[in-house]
Amino acid sequence: MELIQNTPDISAYLAACAAIDHGHPLVRSTAATLAADAPDAYAYARAAFTFVRDAIPHSADADDPRVTWRASDVLALRTGICYAKAHALAALLRAGGIPAALCYQKLDTVHGLVALRLPGAHRWARQDPRGNKPGVDAQFRLDREQLAYPVRTECNELDYPVLFAEPHPVVLQCLREAVDRSHLWQTLPIDL
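Keep in mind that this is a model prediction, so the values were computed, not measured.

Take His22: it is sitting in the loop between β1 (4-5) and α1 (25-36). Take His22: its relative accessible area is 12%, and that puts it in the buried class. Here Ala16 takes part through its backbone nitrogen, which lies 3.5 Å from a polar atom of the side chain of His22. With sequence-adjacent residues up to four places away left out, His22 is seen in contact with Leu14, Ala15, Ala16, Val27, Arg28, Ala91, Arg94 and Ala95.

With that settled, the discussion passes to the nonpolar core. Counting residues in hydrophobic clusters, the biggest one holds 48 residues, and the most contacted among them are Tyr83, Leu92, Leu93, Tyr104 and Leu175. Secondary-structure elements contributing two or more residues to this core are α1, α2 (41-55), α3 (71-77), α4 (82-95), β2 (100-106), β3 (110-116) and α5 (169-177). With 11 residues, α4 is the single largest residue contributor to this core. Once you skip the residues sitting within four places of it in the chain, Tyr83 turns out to touch Tyr104, Val110, His111, Gly112, Val171, Cys174, Leu175, Leu188 and Pro189. In this structure, Tyr13, Ala101, Cys103 and Leu163 belong to the second largest nonpolar core, which totals 10 residues.

Another point: the pairing of β2. The buried count for β2 comes to 7 of 7 residues, which makes it a mostly enclosed element. Alternating residues of β2 divide into Ala100, Leu102, Tyr104 and Lys106 and Ala101, Cys103 and Gln105, and every residue in both groups is buried. Bridge count for β2 against β3 is 7 bridges, and the pairing is antiparallel. The residue bridging Ala100 from the neighbouring strand is Leu116, located in β3. Taking the residues that link successive antiparallel strands as the turn, the β2-β3 hairpin has 3 residues.

Picture a little ball the size of a water molecule; that probe, rolled over the atoms, points out where space is still empty. Throughout the structure, instances matching the rule amount to 1 cavity of 30 Å³ or more. Quantified by volume, the largest cavity comes out at close to 30 Å³. Every residue along the wall of the largest cavity is listed here: Ser59, Arg66, Val67, Thr68, Gly80, Ile81, Leu175 and Leu184. Its residues placed into classes, the lining of the largest cavity shows 4 nonpolar, 3 polar and 1 charged.

Below, the discussion takes up the layout of surface pockets. There is about 440 Å³ of room inside the largest pocket. Among the elements of the structure, α4 and β3 are those that each provide at least two residues to the lining of the largest pocket. For the lining of the largest pocket, the per-class residue count stands at 10 nonpolar, 3 polar and 6 charged. If you trace the second largest pocket, you find 13 residues lining it, with Met1, Leu3, Arg123, Trp124 and Glu145 closest to the centre. Of the residues belonging to the lining of the second largest pocket, the class tally is 5 nonpolar, 1 polar and 7 charged.

When the charged atoms of two side chains with opposite charge come close together, those side chains can pair. Per the counting criterion, the structure on display carries 10 salt bridges. One salt bridge in this structure joins Lys133 and Asp61, with 3.7 Å as the shortest N-O distance. Pair noted here: Lys133 is in the loop between β4 (125-127) and β5 (158-159) and Asp61 is in the loop between α2 and α3, with a separation of 72 residues, a long-range link. Through salt bridges that share partners, Asp61, Arg130 and Lys133 make up one connected network.

Basis of the calculations
- Residues numbered from 1 in each chain as written.
- Predicted model: local features only at pLDDT ≥ 70, side-chain atom pairs only at ≥ 80, totals over all residues.
- Heavy atoms only, no water.
- Helix = DSSP H or I, 4+ residues; strand = E, 2+ residues; numbered from the N terminus.
- Buried < 20%, exposed > 50% of the residue type's maximum accessible area, 1.4 Å probe, protein only.
- Polar contact = N/O pair within 3.5 Å; in protein donor to acceptor, adjacent residues only side chain to side chain.
- Contact = heavy atoms within 4.5 Å.
- Core = buried A, V, L, I, M, F, W, Y, C linked by side-chain atoms within 4.5 Å.
- Pairing = 2+ DSSP bridges.
- 1 Å grid on protein atoms, 1.4 Å probe; cavity = no way out; pocket = protein on both sides within 12 Å on 5 of 7 lines; lining within 4 Å.
- Points joined across faces, edges and corners; volume = space filled by probe spheres on them.
- Nonpolar A, V, L, I, M, F, W, Y, C, P; charged D, E, K, R; others polar.
- Salt bridge = Lys/Arg side-chain N within 4 Å of Asp/Glu carboxyl O.

Structure representation (structure tokens):
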């Protein structure tokens, strides 16, 4: 699948916004900690991915009722669904100078991912920081994708090819309006 930038200007994928607040002190300090042991951009991107995937539980897996949407809140509260975890990973990548986009899959509901573009790379690579559990084994890979959920076309699932510099408005609205996770589950978008 060919991934398509929503905006041609690569600097848009390094910019901050309300959800990807990579100028926040907690995002910056987390990025600095991860960068301390990373000799290059690849190692930093892998460390950021692993941190978000493993150190921040998916709120459904942890049965956490809190809803987060801003990257700094995801890092502070250590919880989030796929969209929020994608916002946190995008913020950490951008804090490290790595262009990061938000992208989505249509499964039973819309699922959030991140695409990154390492220095010198000629293509984007999608990553899924959702968090692993039995039956889910997302890995940081550049040679091929290893996402949490492979798309099943026979079930009308699909990969959206568009790379967004900011969260899709439908996704952001459902996160911001949710009172708690049970309310969020009732309002998750099923399509973009």
